[in-house]
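What follows is the residue order along each chain.
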Amino acid sequence: MFTGIIEELGTVERIERTKDAARLTIRGPLAVDGAGHGDSISVSGVCLTVVEQTDSTFTADVMAQTLSMSTLAGVTAGTPVNLERAALVGGRLGGHIVQGHIDGTGTVLAVVPGDAWRVVRFSLDPALAPLVVDKGSIAIDGVSLTVSSISAAAQPDQWFEVSLIPETLAATTLGGLTVGDRVNLETDILARHVQRMLALAASAAAPVAPSTEASAPSAVLRSTP
């Protein structure tokens, strides 16, 4: 479990690819401080498990499903990544509850600079649109952010915007985003639970259509005398 407050900007040192997986080695001295084998570290929003480590790097395996759903499939040696260690029980929840289980990716549609902030607009998969609300929480590449604007429900091409303060621009990879870049998205876990409960409630309340098939009389086999 994470909070979406990035602790360190790390760098991909090495990536070893196989047919349906990859092994990443990432440099992040702070991230590995106190970490052990089997611990979780969020890498640009994706929860990965430490399988090897040194004083300044850690290695993690990435399975095929994660590669297909995230931007990790496209990283190379030298790619910067946002790093966050798992939250400590009893610590402050500075962002929101982030699992590191991303829902998919979005694409930067526009970047509008301001005097002391930057507004960035992202595309939004229609399947995720019901889970994103104005002033709600969303994790972008593992960064906990507040949605500052969102497209109308009837609009065919869904999008949302966030406003990035100087600290976020300097301390995370979001400061380097340009139009066309892809990012990992994780919607609010509470919204996902509500969506599932509503879907189940609607399914249970739906009337069952009567069968239109006439029941056929059972056949009795008789032997010929």
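Reading the values: rules and limits
- Residues numbered from 1 in each chain as written.
- Predicted model: local features only at pLDDT ≥ 70, side-chain atom pairs only at ≥ 80, totals over all residues.
- Heavy atoms only, no water.
- Phe/Tyr/Trp six-rings, centres within 6.5 Å; stacked < 30°, edge-to-face > 60°.
- Helix = DSSP H or I, 4+ residues; strand = E, 2+ residues; numbered from the N terminus.
- Buried < 20%, exposed > 50% of the residue type's maximum accessible area, 1.4 Å probe, protein only.
- Lys NZ or Arg CZ within 6 Å of the ring centre and 35° of its normal.
- Domains from an automatic or database assignment.
- Contact = heavy atoms within 4.5 Å.
- Buried area = accessible area lost by both parts, 1.4 Å probe.
- Salt bridge = Lys/Arg side-chain N within 4 Å of Asp/Glu carboxyl O.
- UniProt positions renumbered as here; feature names shortened; annotations may be inferred.

Caption draft 1: Representation of the packing of aromatic side chains in the model. As enumerated under the stated definition, the model contains 1 aromatic pair in all. Between Phe122 and Phe160 the ring centres are 5.4 Å apart and the planes differ by 25 degrees, which places this aromatic pair in the stacked class. Taken together, the positions of Phe122 in strand 8 (residues 118–123) and Phe160 in strand 11 (residues 159–164) put the pair 38 residues apart, joining distant regions of the chain. Looking at Phe122, the relative accessible area reads 1%, which means it is buried. Residue classification places Phe160 among the buried positions, given a relative accessible area of 0%. Cation over ring: Arg121 sits above Trp159, and NZ or CZ is 3.5 Å from the ring centre.

Caption draft 2: Representation of the domain arrangement of the chain in the model. Considered domain by domain, the chain is made up of domain 1 (8–85) and domain 2 (104–203). The distance between the C-alpha centroids of domain 1 and domain 2 comes to 23 Å. Across the boundary between the two partners, domain 1 contributes 11 residues, which contact 13 residues of domain 2. Together, the buried faces of domain 1 and domain 2 total about 840 Å²; carbon and sulfur atoms form 46% of this surface. Where domain 1 packs against domain 2, one counts 0 salt bridges.

Caption draft 3: Spotlight on the pattern of salt bridges. Tallied over the full model, the rule gives 8 salt bridges. Close ionic contact of Arg14 with Glu16 constitutes a salt bridge, the shortest N to O distance being 3.2 Å. Judged by its relative accessible area of 41%, Arg14 is partly exposed. On the basis of relative accessibility, which here comes to 38%, the residue Glu16 falls in the partly exposed class. The closest approach of N and O atoms between Asp61 and Arg23, which form a salt bridge, is 2.7 Å. One end of the pair, Asp61, is in strand 5 (residues 57–63); the other, Arg23, is in strand 2 (residues 21–27), and 38 residues separate them in sequence. The class of Asp61 is partly exposed, set by a relative accessible area of 39%.

Caption draft 4: Up close: the UniProt feature "repeat: Lumazine-binding" (unreviewed entry) in the chain. In this numbering, the UniProt entry assigns the feature "repeat: Lumazine-binding" (unreviewed entry) to residues 1–96 and 97–198. Overall, residues 1–96 shows 10% helix and 44% strand. The separation of its end C-alpha atoms is 10 Å. Segment residues 97–198 splits into 16% helix and 39% strand. End C-alpha atoms: 21 Å apart.

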